[in-house]
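Letter by letter, the chains look like this.
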Amino acid sequence: MLKILSFLYLIIIKIRNYAFDIGLFSSYQSKFPIICVGNATAGGNGKTPVVIKIVQDLLLLGYRPVVLSRGYGGKISGPHLLTTTDTPNDVGDEPVLIFEETNCPIVVARKRVAGCQLIENLQLGNIIVMDDGYQHRQLIRDLNILCFDISQQSQIEIVTNGLLLPAGRLREPLPDALRRCQMVILNSRKNKFSNLNLITFNKLFESLPVYQTKLRSSNLSPLLPPKDLINLELTPRKVILLSAIAKPEGFLESIEYLGFQVVDKVFYPDHFQFTLQEINKIRKEHPELPILCTAKDAVKIRRLTAKLDNFWVLKTELFFKNETPDWKKFLKF
């Protein structure tokens, strides 16, 4: 039954892509260059760290990047310019995280064209980085980037088996997605570059530039810095993990890599909105143990209560293997 539904989905996707290819469906051309960071499969593929890294690189190059996000999980449909008072419940957790990490303008819009036009009208920057939206073809891009998770062999097989939703995880046939792509980024959610045999996998992208990344865990910092500014370091000990991210296995491995002993782990679905009752329940069950979360979780948890002593955030940084992409070269300006 799932394969029958996947076949019907394939027909719809093929017709839609063809309509865009021949111009039957129109696309908007922005006055600013657009970089789209997306994926071909459903589920986490490490896009957000890539977006943060690209924005940071563009800032160093002297550009004024603006992030355009759908705001998944937020109530605001937009177009809306994110402010310091917006919460993850309003605009989604990822836009808030990107804003905190980069301090660049973030526009949330379910309709990306409307979001793009808001950026243009307000002159918020001179280059747009679109977080997700690879299949959102109403907006023309200058650089299309596809991200793939290569942390485990099973993630590679999701791509190579060729199965579309709902039987598989592909959002569209891989050849169709690759025809619109100018760069592939293979992400490892671990502290080391993938040691999997990627020869066969890389052949899928042999005509495209391919980059590998890893997420290096740098340190653990207090969720809310203590007033006396002491005890700012957490040495290896027994801990509790609390998280609501896609594929939290990388988070678990990173904590164990740093030498901590995980006594209990409470994992919720991606984009889950924590409540104070859940936080208090975990604290009651483990009153003395530190509770560790990711930066994406922290933007939601810290808004629940000021009593967050012994909560710690894992800080990570994305690194490219061998070389960082030359963004000026790819954008040709």
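What comes next concerns the included structure. These numbers come from a predicted model, not from an experiment.

Definitions and limits used
- Residues numbered from 1 in each chain as written.
- Predicted model: local features only at pLDDT ≥ 70, side-chain atom pairs only at ≥ 80, totals over all residues.
- Heavy atoms only, no water.
- Phe/Tyr/Trp six-rings, centres within 6.5 Å; stacked < 30°, edge-to-face > 60°.
- Buried < 20%, exposed > 50% of the residue type's maximum accessible area, 1.4 Å probe, protein only.
- Helix = DSSP H or I, 4+ residues; strand = E, 2+ residues; numbered from the N terminus.
- 1 Å grid on protein atoms, 1.4 Å probe; cavity = no way out; pocket = protein on both sides within 12 Å on 5 of 7 lines; lining within 4 Å.
- Points joined across faces, edges and corners; volume = space filled by probe spheres on them.
- Nonpolar A, V, L, I, M, F, W, Y, C, P; charged D, E, K, R; others polar.
- Pairing = 2+ DSSP bridges.
- Contact = heavy atoms within 4.5 Å.
- Axes fitted to C-alpha atoms, helices over the stretch in contact; angles between N-to-C directions.

1. Some points on the packing of aromatic side chains
And then number 1: Under the defined criterion, the tally for this structure stands at 9 aromatic pairs.
And then number 2: Ring geometry for phenylalanine 20 versus phenylalanine 25: centroids 5.3 Å apart, planes at 80°, classification edge-to-face.
And then number 3: Owing to a relative accessible area of 39%, phenylalanine 25 belongs among the partly exposed residues under this scheme.
And then number 4: Centre to centre, the rings of phenylalanine 148 and phenylalanine 201 are 6.1 Å apart; their planes meet at 90°, and the pair counts as edge-to-face. One end of the pair, phenylalanine 148, is in strand E6 (residues 143-149); the other, phenylalanine 201, is in helix H8 (residues 199-202), with 53 residues separating them in the sequence.
And then number 5: Using a relative accessible area of 0% as the deciding quantity, one classes phenylalanine 148 as buried.
And then number 6: Within the aromatic cluster, the residues linked to one another by ring pairs are Phe148, Phe201 and Phe205.

2. What to know about the layout of surface pockets
And then number 1: Computed from the structure, the largest pocket encloses a volume of approximately 1,200 Å³.
And then number 2: As for the largest pocket, its lining consists of 46 residues, and the residues nearest its centre are Lys47, Thr48, Pro49, Glu94 and Lys296.
And then number 3: Secondary-structure elements contributing two or more residues to the lining of the largest pocket are helix H1 (2-21), helix H2 (47-60), helix H4 (93-102), helix H9 (249-257), helix H11 (295-301) and strand E12 (311-320).
And then number 4: For the lining of the largest pocket, the leading source of residues is H2, giving 6 residues.
And then number 5: Looking at side-chain class alone, the lining of the largest pocket contains 13 nonpolar, 17 polar and 16 charged residues.

3. Digging into the sheet that holds strand E11 (residues 291-294)
And then number 1: Spatially, the 12 strands line up as an open sheet ordered E3-E4-E2-E5-E1-E6-E7-E8-E12-E11-E9-E10, and their pairing is mixed. Of all the strands in the sheet, just strand E3 (80-81) and strand E10 (261-267) have a single pairing partner and so form its edges.
And then number 2: Across 2 bridges, E3 lies against strand E4 (residues 106-108) in antiparallel orientation. For leucine 81, the partnering residue across the bridge sits in E4 and is valine 107.
And then number 3: Most of the contacts of helix H10 (residues 276-285) go to strand E9 (residues 238-243), to which it runs at about 165°, and overall it touches E9, E10, E11 and E12.

4. Structural notes on unusual backbone geometry
And then number 1: Omega for the peptide link from glycine 78 to proline 79 comes to 10°, which places this bond in the cis form.
And then number 2: By secondary structure assignment, the location of proline 79 is in the loop between strand E2 (65-69) and E3.
And then number 3: Although it is not a glycine, aspartate 132 sits at a positive phi angle of roughly 70°.
And then number 4: In this fold, aspartate 132 is placed in the loop between strand E5 (127-131) and E6.
And then number 5: Overall, aspartate 132 belongs to the partly exposed group, its relative accessible area being 24%.
And then number 6: The backbone of lysine 247 sits at a positive phi, close to 55°, despite the residue not being glycine.
And then number 7: Within the secondary structure layout, lysine 247 lies in the loop between E9 and H9.
And then number 8: Judged by its relative accessible area of 17%, lysine 247 falls in the buried class.

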